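Letter by letter, the chains look like this.
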Amino acid sequence: MTPGPLDRLLRPQTIAVFGGREARRVIEQCDRMGFAGEIWPVHPKLGEVLGRPCYRSVSDLPSAPDAAFVGVNRMLTVEIVRSLSRAGAGGAVCYASGFSEATAELSDGAELQQALLEAAGDMPILGPNCYGLINGLDGALLWPDQHGMRRMARGVAILTQSSNIAINLTMQTRGVPIAYMVTAGNQAQTSLCDVACALIDDPRVTAVGLHVEGFGDLAALERLAAMARHSRKPVVVLKVGKSEQAKRAAVSHTASLSGSDAVANAVLARLGLGRVQSLPALLETLKLLHVAGPLAGHSISSMSCSGGEASLMADAAVGRAVEFGALQPQQLPRLRRVLGEMVTLSNPLDYHTFVWGDFARQTEAFSAMFEGGYALNLVVLDFPRGDRCDASEWAMTVEAVMTAAAATGALAGLLATLPENMPEPIAERLMANGIVALCGIDETIAAAEVAAGIGRAWKAPPPLPLLDVPLVAGEIETLTEADAKSELAAFGLPVPEGLSASSPGEAAELAERLGFPVVLKGLGIAHKTEAGAVALNLNDSEAVSNAGTAMPPNAGYLVEKMIDPPIAELIVGAIRDPVFGLSLTVGAGGIFVELLEDSVILPLPATKTDIHAAISRLKLAKLISGYRGRPKGDLEAAVAAVAAAADYVVMNATHLEELDINPLMVLPEGRGVAAVDALIRRRR
């Protein structure tokens, strides 16, 4: 059952707590953070808890609580949740474990979780098997442990399935302003996406971070992305559980390219949701998004007083969708004047130490750099130890950065290469003044890439709804190549002229009718080339007959006209991911599939604009564009062919398991394309 509104649970005025030690800790944490609402302990024996009178049951409470922390055993949890739901409570945190996460140890775990769901009805619940939530904006906690958060006026929301990771994140000293920390445990009823949608509605929330193990509801993910775009509040995801390939036998080449993690990347990018690979990167990205939101572009600048730091910055951007753009002509005279003749003017910029300790010259240098039109301007600065060193000149540099940023209106970030070299008080002061306090070079570049990617996605039209259709039951059948090509040709995919034969002799006769040279293939064999079931450039009937006789046992033969040498070869395929369903893969085809690992995944449905952009991202695109004076390939025909394959997948989504077109030969410009091999697996 879909949960009701989460407002009362997330922002309660009244809190009921059930249980002993954990319930007491919830009250302690609320008191420490200055919760102004009422707290009602419920216990069958105790008279009071921390100065508050105890109630014996839900029916004894003054009214239905906005939120409840249920810190009792798993059996009693179900009964209390049922009572709360009947009383009209706003929601509950189910702390107990021993539900569906423990089915290997407890035979009734799944059954008990279902009973919990039925007991809750439409009353929202978090968990079971979770710590609950911390609302740092209102000081409201349903949280049975210590944490590192404090009250604040605005900030980011972080959501995770893991309570221990949540605790660890609250202990950060990087200056991340955390407004909410929410754990969801088993997500039996209320998912992280459900909670995120509710938190985006809070005007005090600036950005949302999700740490997830997997996505179960594509519709909820799409709803979250749409709300993020509409409210201009970015969402960044740390998804764990990578797999290099789909968890089943790979029949086609497409399967080797379409691992579930790669599909997740493609879906998140399409929806405009950022993705990071580590907890530190999650925190740094949230800081950047909190201060600036999505970046307007992917060009950034860097200044440091060390060539070593400048080199590290440049190297970190390699392979990332960010760039250190060239200095603008108008910047050069000003930088030369303030930095002197010995400094090489470049981006990243090593400004040496000639302006160190000189506030006016530092401000002038930073201002000149900030006026280059970069989306983000970084100044690398590691602070000295406060217990042994004098940081006064570092403090001067901070003032110079803030003054330059205010004067130019540019977005600036102060970057410590090591997180321990960014003291928390300094980070908090920087963030309060609109300067992003960043820790770690790789994490910072990753944050810039994610923020730029979200900005790019939001500038584009909203994406089409994802293809999310169930697969029918039934046995899997593999079509012959001839039948597969026939079906694809009906959707507009160009295929070579060909005829089917039942014997080598018949194949030879049909070859005469087609005209030489021809190709002969054995049907019913998945990997024909490896099995010796393909013969090319056959120039007479005898050659066709001999080639057919030499092939391994098969289900017949396919004779086709030879295609002229192509400019490039593509692979176009679709495979069903267990979470995200069918998606399209486009990449370097032929013998280069696994060798080059040059592919792009397109969530479906896909427009011709999407397909054109995907092909343009391939390394192979240089060949199609006429590499080093070679003839150009027919790019428009390739786009149309991929679009035809995409249409076939969409129209057959309820039955299709797998599609593999390899290679799709891209012929010279104006001469089209040809799909010379195709495999289709589907449910009967």
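See the structure above.
Residues numbered from 1 in each chain as written. Predicted model: local features only at pLDDT ≥ 70, side-chain atom pairs only at ≥ 80, totals over all residues. Heavy atoms only, no water.

A count of helical and extended segments in the chain gives 24 helices and 31 strands. Its C-alpha atoms give the chain principal-axis dimensions of roughly 100 × 75 × 40 Å. For the chain, the residues scored as buried account for 56% of the 684 residues in total. Summarising the internal contacts of the chain: among those between residues at least 6 apart in sequence, 71% fall at separations of at least 24. (Helix = DSSP H or I, 4+ residues; strand = E, 2+ residues; numbered from the N terminus. Buried < 20%, exposed > 50% of the residue type's maximum accessible area, 1.4 Å probe, protein only. Contact = heavy atoms within 4.5 Å.)

So, on to the pairing of strand S10 (residues 155–160). The buried count for S10 comes to six of six residues, which makes it a mostly enclosed element. Of the pairings in the sheet, the one linking S10 to strand S12 (residues 205–212) comprises five bridges and is parallel in character. Its bridge partner lying in S12, Ala157 is registered against Val208. In terms of strand pairing, S10 meets strand S11 (residues 178–183) through five bridges, oriented parallel. (Pairing = 2+ DSSP bridges.)

Okay, the environment of Asp577 next. Note that Asp577 resides in strand S26 (residues 568–577). Exposure remark for Asp577: the relative accessible area of 5% places this residue in the buried category. Contact partners of Asp577, with chain neighbours within four places excluded, come to Ser260 and Val263. A polar contact of 2.9 Å, which involves the side chain of Asp577, links it to the backbone nitrogen of Val579. (Polar contact = N/O pair within 3.5 Å; in protein donor to acceptor, adjacent residues only side chain to side chain.)

Quick look at the nonpolar core now. Ranked by size, the top nonpolar core spans 143 residues in total, and within it Leu159, Leu210, Phe370 and Leu414 carry the most contacts. It is helix H16 (residues 441–459) that provides the largest number of residues to this core, a total of nine residues. If near-sequence neighbours (up to four positions away) are discounted, Leu159 is found in contact with Val182, Leu192, Val195, Ala196, Leu199, Val208, Gly209, Leu210 and His211. Leu467, Ala645, Ile661 and Ala675 belong to the second-largest nonpolar core, a separate cluster that totals 44 residues. (Core = buried A, V, L, I, M, F, W, Y, C linked by side-chain atoms within 4.5 Å.)

All right, on to the pattern of salt bridges then. Going through the model one piece at a time under the given rule, you end up with 35 salt bridges. Of the charged contacts in the structure, one is a salt bridge between Asp387 and Arg385, with a shortest N-O distance of 2.8 Å. Owing to a relative accessible area of 56%, Asp387 belongs among the exposed residues under this scheme. What emerges from the salt-bridge pattern is a single network uniting Glu481, Lys485, Lys521, Lys528, Glu560 and Asp677. (Salt bridge = Lys/Arg side-chain N within 4 Å of Asp/Glu carboxyl O.)

Bringing the sheet that holds strand S7 (residues 125–126) into the picture now. Ordered by their spatial adjacency, five strands build an open sheet running S2-S1-S5-S6-S7, and the pairing between neighbours is parallel. Only two strands of the sheet have a single neighbouring strand rather than two, namely strand S2 (38–42) and S7. Bridge count between strand S1 (residues 14–19) and strand S5 (residues 67–71): five bridges; the pairing is parallel. Bridge assignment links Val17 to a residue of S5, and that residue is Phe69. Across the sheet, helix H3 (residues 74–87) lies against S1, S5, strand S6 (92–94) and S7, angled at about 165° from S5, the strand it touches most. (Axes fitted to C-alpha atoms, helices over the stretch in contact; angles between N-to-C directions.)

The strand order across the open sheet formed by four strands is S22-S25-S23-S24, and the pairing between neighbours is antiparallel. The sheet is open, and its two edges are formed by strand S22 (498–501) and strand S24 (534–538), each paired on a single side. Going across the sheet, the axis of each strand differs from the next one's by a mean of 20°, ignoring polarity. Two strands pair when backbone bridges link them, and strand S23 (residues 518–522) and strand S25 (residues 557–561) are joined in this way by five bridges, in the antiparallel orientation. Of the residues in S25, the one forming a bridge with Val518 is Lys561. Set on the sheet, helix H17 (residues 481–489) makes contact with S22, S23 and S25; between it and S25 the angle comes to about 50°. Helix H18 (residues 504–514) rests against S22, S23 and S25 of the sheet, and its axis sits at about 160° to S22.

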